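# Survey of secondary and tertiary structure
What follows is the residue order along each chain.
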Amino acid sequence: MAAITMKNIVKTYGDGFQAVKDINLEIADGEFMILVGPSGCGKSTLLRMIVGLEDISGGEMLIGDERVNEKAPRDRNLAMVFQNYALYPHLTVFENIAFPLRLAKTPDAEVKERVNHAAELLELTEHLERKPANLSGGQRQRVAMGRAIVRNAQAFLFDEPLSNLDAKLRGQMRTEISRLQKRLGITTVYVTHDQVEAMTLGDRVAVLRAGVLQQVDSPRRLYQNP
Ligand code: ADP
Ligand code: ADP
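Here the residue index of a chain counts from 1 through its sequence in written order. Whichever chain is written first becomes A and whichever ligand is written first becomes 1, with later ones labelled in order. Per-residue local features of the predicted model are confined to residues with pLDDT of at least 70, and side-chain atom pairs are confined, for both listing and counting, to 80 or more; whole-chain, interface and lining totals are unaffected and use all residues. Think of the side-chain values as coming from all heavy atoms in the structure, minus any hydrogens and water.

If you look the protein chain up in an unreviewed UniProt entry, it shows as sn-glycerol-3-phosphate ABC transporter ATP-binding protein UgpC from Phytoactinopolyspora halotolerans.

This is how it looks when you write it as structure tokens:
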């Protein structure tokens, strides 16, 4: 069974403009899928329909074998990792990671266990008492991913997470995201307009143009048959 299945997905905005046209795509369990294409091609719209931040105008979205078209974001068990990482500056790393569990009123002992487990996976154990301002960019990214892991999210969704960074940091973070994703084996959908990211990060690349899915293939085969 695929982790995420899109069947004939359409997005029509208020004025009748079709931003996404009849997309069919299956993302396998544990797969790192890139959505790439020029600005305005519908990448963010598609990602936002997966996570539930945008209504689906037509077709069917499945997570596992469950139809989620009508489900609120919080009931989809997905984790969006935002561009600015959305960390709380006044909270420690521990409390930043624990945040969704605190919201869900999870008992203290369980919070401790789950946060410590996530920190171990992400090599953040010795930083748990620090504040975000005292972390490197890569460590902040890992805290943001930690918050997703403690919720036992079924997939990570990234919307151009590196686009605000300088070239050097962007390279480092690319390596970091790729390494973590492989280690965690968590299904990942990653939106970018950057060809280098598309060709280096993903298991497969879905190429969008004007709302149409043009091609889906491994980076290697896309590179050979562009
Ligand atoms: P991308 O992420 O590939 O840059 P988007 O998904 O943000 O593209 O947008 C796809 C198209 O839909 C663009 O033409 C954009 O102008 C349009 N669009 C996005 N959001 C809205 C909206 N809320 N209302 C109307 N049109 C929108
Ligand atoms: P409501 O329908 O009550 O207004 P929202 O749509 O604002 O709720 O989202 C509420 C919950 O949805 C949040 O507590 C969060 O768990 C989840 N959520 C919102 N945005 C995202 C996102 N980008 N990624 C994952 N979960 C989200």
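Below, the discussion takes up the sheet that holds strand β10 (residues 212-217). In this description, strands pair whenever DSSP reports at least two bridges between them. Numbering of helices and strands starts at the N terminus; helices are DSSP runs of H or I of at least 4 residues and strands are runs of E of at least 2. If you walk across this open sheet you meet the six strands as β6-β7-β8-β3-β9-β10, and the pairing is mixed. One side of each edge strand has no neighbouring strand; the edge strands of this open sheet are β6 (78-81) and β10. Going across the sheet, the axis of each strand differs from the next one's by a mean of 20°, ignoring polarity. Note on contacts: a residue pair is in contact if any heavy atoms of the two residues lie within 4.5 Å. For every element, the axis is a line fit to its C-alpha atoms; helices are fit only across the contacting stretch, and the angle between N-to-C directions ranges from 0 to 180 degrees. In the packing of helix α1 (residues 43-51) onto the sheet, the strands contacted are β3 (32-36), β6, β7 (155-159), β8 (187-192) and β9 (204-209), and the crossing angle to β7 comes to about 150°.

Let us look at the pairing of strand β1 (residues 4-12). Bridge count between β1 and strand β2 (residues 18-27): six bridges; the pairing is antiparallel. Looking at the pairing, Thr5 lines up with Glu26 of β2. What sits between β1 and β2 in their antiparallel hairpin is a turn of five residues, with Gly16 showing a positive phi close to 90°. Judged from the five bridges that link them, β1 and strand β4 (residues 58-63) form a sheet pairing that is antiparallel. In the sheet register, Lys7 faces β4, and the bridge partner there is Glu60.

To continue, consider the packing of aromatic side chains. Side-chain rings of Phe, Tyr and Trp, where Trp is taken by its six-membered ring, are said to pair if the distance between their centres is within 6.5 Å; with planes under 30 degrees apart they count as stacked, over 60 as edge-to-face, and otherwise as tilted. Throughout the structure, instances matching the rule amount to four aromatic pairs. A centroid spacing of 5.8 Å and a plane angle of 50° characterise the contact between Phe32 and Tyr190, whose relative ring orientation is tilted. Taken together, the residues Phe32 in strand β3 and Tyr190 in strand β8 connect sequence positions 158 residues apart. Comparing Phe32 with Tyr190, the two get one shared label, buried. We call a residue buried when its accessible area falls under 20% of the maximum for its residue type, exposed when it is over 50%, and partly exposed in between, using a 1.4 Å probe and counting protein chains only.

As a further point, take the packing of helix α2 (residues 93-103) against helix α4 (residues 137-150). At their nearest, the axes of α2 and α4 sit 8 Å apart, and the two run at 35° to each other. Viewed along their axes, α2 and α4 form a crossing whose handedness is right-handed. On the side of α2, the interface is formed by Val93, Asn96, Ile97, Phe99, Pro100 and Leu101, while α4 contributes Val143, Gly146, Arg147 and Val150. Take the far helix as your reference; a near helix turned counterclockwise from it by less than a right angle gives a left-handed crossing, and one turned clockwise gives a right-handed crossing.

Expected helix span is taken as 1.5 Å per residue step, with the number of steps being one fewer than the number of residues. Between its terminal C-alpha atoms α4 stretches 20 Å, which fits the 20 Å expected from 14 residues at 1.5 Å a residue. Burial of α4 is extensive: 13 of the 14 residues sit out of reach of the surface.

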